Amino acid sequence: MKDEPPVPECAHWIGSESRYCRSVDSIRNYLPGLCCPLHTPAALAGRPEPQPGPGWPAGTGTRPSLLAESHVHDARAIASGKRRATPADYRAAQAAVDHRSDLNL
Ligand SMILES: [Zn+2]
């Protein structure tokens, strides 16, 4: 098992000096490991540090999906027999949607 340093320190290898950075100021964890501000992935790539964004739009995940809405059954679909339902639901839907009045029987 790899030895973990007792104090969090920058794990960047400075090749020209043949040593690890080992700075302990403002250490943060990145995908490559713990980094000081001079050796973050963005700093090493010469880019500015990414700024926190606004995040997800308000209300994201609160609206039911279209798939969930497709499961909403209306009495007419159940009464037609095309929508699968329990016999009790089918009879209730048949009573709610009177087909005979449509056929003038
Ligand atoms: Zn460093």
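Numbers given for residues are sequential positions, taken from 1 along each chain in its written order. Per-residue local features of the predicted model are confined to residues with pLDDT of at least 70, and side-chain atom pairs are confined, for both listing and counting, to 80 or more; whole-chain, interface and lining totals are unaffected and use all residues. Hydrogens are left out, water is left out, and the side-chain values use all remaining heavy atoms of the structure.

### As for the coordination of the zinc ion
Link 1 in the chain: Only nitrogen, oxygen and sulfur atoms within 2.8 Å of the metal, or 3.2 Å for Na, K and Ca, are treated as donors, and water is left out, so sites may look incomplete. The coordination sphere of the zinc ion, as far as protein atoms go, consists of C10 (SG), C21 (SG), C36 (SG) and H39 (ND1), spread over 1.9 to 2.4 Å.
Link 2 in the chain: Each of the 4 donor atoms bound to the zinc ion contributes to angles spanning 102 to 118°, and the resulting shape is tetrahedral.
Link 3 in the chain: Along the chain, the residues donating to the zinc ion fall in the pattern C-x10-C-x14-C-x2-H. With respect to class, C36 is no different from H39; both count as buried. For a four-donor site, all angles between 85 and 135 degrees give tetrahedral; for four or six donors, opposite pairs above 155 degrees with the remaining angles between 65 and 115 give square planar or octahedral; all remaining cases count as irregular. Using a 1.4 Å probe on the protein chains alone, a residue whose accessible area is under 20% of its type maximum counts as buried, one over 50% counts as exposed, and one in between counts as partly exposed.

### With respect to the side chain of H39
Link 1 in the chain: Strands are runs of DSSP state E lasting at least two residues, helices are runs of H or I lasting at least four, and both sets are numbered from the N terminus onward. By the element assignment, H39 lies in the loop between β4 (33-35) and α1 (41-45).
Link 2 in the chain: Taking relative accessible area as the criterion, H39 reaches 12% and is therefore assigned buried.

### Let's talk about the nonpolar core
Link 1 in the chain: Here, the term nonpolar core denotes a set of buried Ala, Val, Leu, Ile, Met, Phe, Trp, Tyr and Cys residues that are joined through side-chain atoms within 4.5 Å. If you look at the biggest cluster of nonpolar residues, it comprises 5 residues: C10, I14, C21, I27 and C36.
Link 2 in the chain: Other than its neighbours up to four places away in sequence, I27 contacts P8, E9, C10, L34, C35 and C36. We call two residues in contact when some of their heavy atoms are within 4.5 Å.

### Considerations on the pattern of salt bridges
Link 1 in the chain: Salt bridge, as applied in this entry: a Lys or Arg side-chain nitrogen positioned within 4 Å of an Asp or Glu carboxyl oxygen. Applying the stated criterion to the full structure yields 2 salt bridges.
Link 2 in the chain: E9 serves as the salt-bridge partner of R22, at 3.0 Å between the closest nitrogen and oxygen. Remark: E9 occurs in the segment before β1 (13-14) and R22 occurs in the loop between β2 (19-20) and β3 (28-30); sequence separation between them is 13 residues.
Link 3 in the chain: Overall, E9 belongs to the buried group, its relative accessible area being 17%.

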